[in-house]
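Residue-level listing of the chains:
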Amino acid sequence: MKPVLFDFTDTELEKFVVDLGQPRFRAKQIREWLLRGAPDFESMKNVPEKLRKQLDDVAQTLPVHITTKLESSDGQTTKFLLELGDCEQIECVLMRTSYGNSVCVSSQAGCAMGCKFCASTLLGLKRNLTVNEMLSQVLVAQWTLRNNTQEKSIRPNGDANNNDVSHIVIMGTGEPLQNTENVIGFIERANSDMGIGWRHITVSTCGIVPGIKRLIEWGRPINLAISLHAPTDELRSTIMPINNKYKISEVLSAADEFTNLHNRQLMIEYILLGRKNADGETELYNATPEYATMLSKLLHGKNCMVNLIPWNTVDERDFASISGNAVHRFQDILIKNGIHTRIRRERGTDIGSACGQLRLKHKRQG
Ligand code: SAH
């Protein structure tokens, strides 16, 4: 396999270009291109063509390369399927929103958590991603924003000028707090190398308590999202095996400690699930009015925002999506009880943008 230049330190990169008979300053030029997300040497315009060809023969730029790139019909969501050095596939998603350009980053190839509604975990965990593999996902998105922005790829507020990634959510495939040190290393670099503010970065976890404690110790004021999906341990354990290890009360108290430390609003994610009964009708699963009331009680008095997420259908899974009316009924109960809530807009469902679906499809076909 050709060496990945993005993985080199500055000194290693200098040595590499000097060994190719080139002046030292070329290393700096190459580094700048790498930090812009240049997918190939061809794009490095101020590097002489001869050297670009030479580099192409002996090296590669980033530790990922794009195998599939899909644009949603409204031009606001781009989904990438990326291949890593060992041929593992990962997904990342670029979302152009009214508040900025947000990238949803994967933290692992596959996932070991076994949540019953999720596609990412169906084939198990392959491995943790490195700091550079996570950074490269953001760089790929950045490059696309700056270089491939088509006419239709404008943000919903009509602002086509801002072509930088401004937000990162670690909500792609994998459980970030099972890869905590690399995730921390990645966030540090996204902040220092790409200038993305702590407050624009969100880690989403199924509730790994020691991982949340580690984030507390680390001390950066990022955002924390908890994938709760149920207000009682009994219900949660039926859909999220991790709940057998860390109970809701423990998870929420660690999360409170984190958000109080930084005076941040806690994000709670709640997928609304239905299930088909014997007659083929959809019954509410975790989305009944009773559960909405229990959730309101559980979160009463907390500084939090509940993101209600309509379930994206995963064929292999036993659940069903519920009607828009049922979603609104659930939300109304939370609002009546004084809980901040919003319904997550579905994005890119036309390009299989939901949670591990593209990778799964690709693996199954491959
Ligand atoms: N492991 C982390 C981050 C990855 S999952 C976590 O659990 O938070 C990101 C979010 O997508 C989680 O809230 C997860 O529960 C949700 N999710 C998974 N599969 C989904 C599906 N089919 N439809 C909608 N949301 C889903």
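What counts, and where the lines are drawn
Residues numbered from 1 in each chain as written. Predicted model: local features only at pLDDT ≥ 70, side-chain atom pairs only at ≥ 80, totals over all residues. Heavy atoms only, no water. Salt bridge = Lys/Arg side-chain N within 4 Å of Asp/Glu carboxyl O. Helix = DSSP H or I, 4+ residues; strand = E, 2+ residues; numbered from the N terminus. Near = heavy atom within 4 Å. Polar contact = N/O pair within 3.5 Å; in protein donor to acceptor, adjacent residues only side chain to side chain. Areas by Shrake-Rupley, 256 points an atom, 1.4 Å probe, with all protein chains shown as cover. Nonpolar A, V, L, I, M, F, W, Y, C, P; charged D, E, K, R; others polar. Pairing = 2+ DSSP bridges. Axes fitted to C-alpha atoms, helices over the stretch in contact; angles between N-to-C directions. Contact = heavy atoms within 4.5 Å. Domains from an automatic or database assignment. Buried area = accessible area lost by both parts, 1.4 Å probe. Core = buried A, V, L, I, M, F, W, Y, C linked by side-chain atoms within 4.5 Å. Buried < 20%, exposed > 50% of the residue type's maximum accessible area, 1.4 Å probe, protein only. Parallel < 35°, antiparallel > 145°, perpendicular 65-115°, else oblique. Left-handed = near helix turned anticlockwise from the far one by under 90°. Phe/Tyr/Trp six-rings, centres within 6.5 Å; stacked < 30°, edge-to-face > 60°. Lys NZ or Arg CZ within 6 Å of the ring centre and 35° of its normal.

Draft legend 1. Representation of the pattern of salt bridges. With the rule as written, the count across this model stands at 18 salt bridges. The salt bridge partner of D10 is R31, with a shortest N-O separation of 2.9 Å. Taken together, the residues D10 in helix α1 (residues 10-19) and R31 in helix α2 (residues 25-35) connect sequence positions 21 residues apart. In the salt-bridge network here, residues are joined through shared partners; they are D86, R127 and E133.

Draft legend 2. Structural detail: the site of the ligand. The full set close to the ligand counts 19 residues, and E175, S204, S227, H229 and N312 are the nearest of them. One of the side-chain N or O atoms of W311 is found 3.1 Å from a nitrogen atom in the ligand. N312 is positioned such that a nitrogen or oxygen atom in its backbone is 3.0 Å from a nitrogen atom of the ligand. Burial of the ligand by the surrounding chains reaches 94%, relative to a free accessible area of 530 Å². Listing elements by their share of the shell around the ligand, those giving two or more residues are β8 (201-205) and β10 (266-272). Tallied by class, the residues present in the shell around the ligand amount to 10 nonpolar, seven polar and two charged.

Draft legend 3. Inspection of the sheet that holds strand β14 (residues 340-343) at higher detail. Read from one edge of the open sheet, 10 strands run β1-β2-β3-β4-β7-β8-β9-β10-β13-β14, paired in mixed fashion. Sheet topology places β1 (64-71) and β14 at the edges, where each strand pairs with a single neighbour. For this sheet, the mean angle separating the axes of adjacent strands, direction not counted, is 20°. Pairing analysis gives three bridges linking strand β4 (residues 100-104) to strand β7 (residues 167-170), with the strands arranged parallel. Residue pairing in the sheet places C104 in a bridge with V169 of β7. Helix α4 (residues 131-147) contacts β1, β2 (77-84), β3 (89-97), β4 and β7 of the sheet and is inclined by roughly 45° relative to β3.

Draft legend 4. Main features of the domain arrangement of the protein. We note that the domain assignment places domain 1 (5-58) and domain 2 (64-365) within the protein. Of note, the centres of domain 1 and domain 2, computed from C-alpha atoms alone, are 35 Å apart. Taken together, the two surfaces of domain 1 and domain 2 that pack against each other cover about 750 Å², and 67% of this comes from carbon and sulfur. The largest contributions to the domain 1 side of the interface with domain 2 come from F6, L35 and R36, which together make up 61% of the buried area. When grouped by side-chain class, the residues that make up the side of domain 1 that touches domain 2 number six nonpolar, two polar and two charged.

Draft legend 5. Main features of the nonpolar core. L5, F117, F186 and I187 are the most contacted members of the largest nonpolar core, which has 107 residues in total. When residues are assigned to domains, this core turns out to be shared by domain 1 (5-58) and domain 2 (64-365), each giving three or more. What I187 contacts, discounting residues up to four positions off in sequence, is I170, W198, I201, V203, W218 and I222.

Draft legend 6. Structural context of the pairing of β3. The buried count for β3 comes to nine of nine residues, which makes it a mostly enclosed element. A two-sided burial pattern is seen for β3, the buried positions comprising Q89, E91, V93, M95 and T97 on one face and I90, C92, L94 and R96 on the other. When β2 meets β3, the two strands line up antiparallel, connected through seven bridges. What sits directly across from K79, in β3, is V93. Connecting the antiparallel pair β2 and β3 is a turn made up of four residues, with C87 showing a positive phi of about 75°. Relative to β4, β3 runs antiparallel, the two being bridged by five bridges. Across the sheet, T97 pairs through a bridge with G100, a residue of β4. The hairpin formed by β3 and β4 contains two residues between the paired strands.

Draft legend 7. Quick peek at unusual backbone geometry. Unusually for a residue other than glycine, C87 sits at a positive phi of about 75°. For C87, the position within the fold is in the loop between β2 and β3.

Draft legend 8. The packing of α1 against α2, seen in detail. Taken N-terminus to C-terminus, the directions of α1 and α2 make an angle of 120°; their axes are 8 Å apart at the nearest point. When the interaxial angle is binned, α1 and α2 end up oblique. Judged by the twist between their axes, the crossing of α1 over α2 is right-handed. Together, D10, L13, E14 and V17 of α1 and R26, A27, I30 and R31 of α2 make up the contact between the two elements.

Draft legend 9. Structural detail: the packing of aromatic side chains. Per the stated rule, a full pass over the model turns up six aromatic pairs. Among the aromatic residues, ring-to-ring pairing joins Y285, W311 and F319 into one connected group. A cation sits over an aromatic face here: R36 above W33, 4.4 Å from the ring centre.

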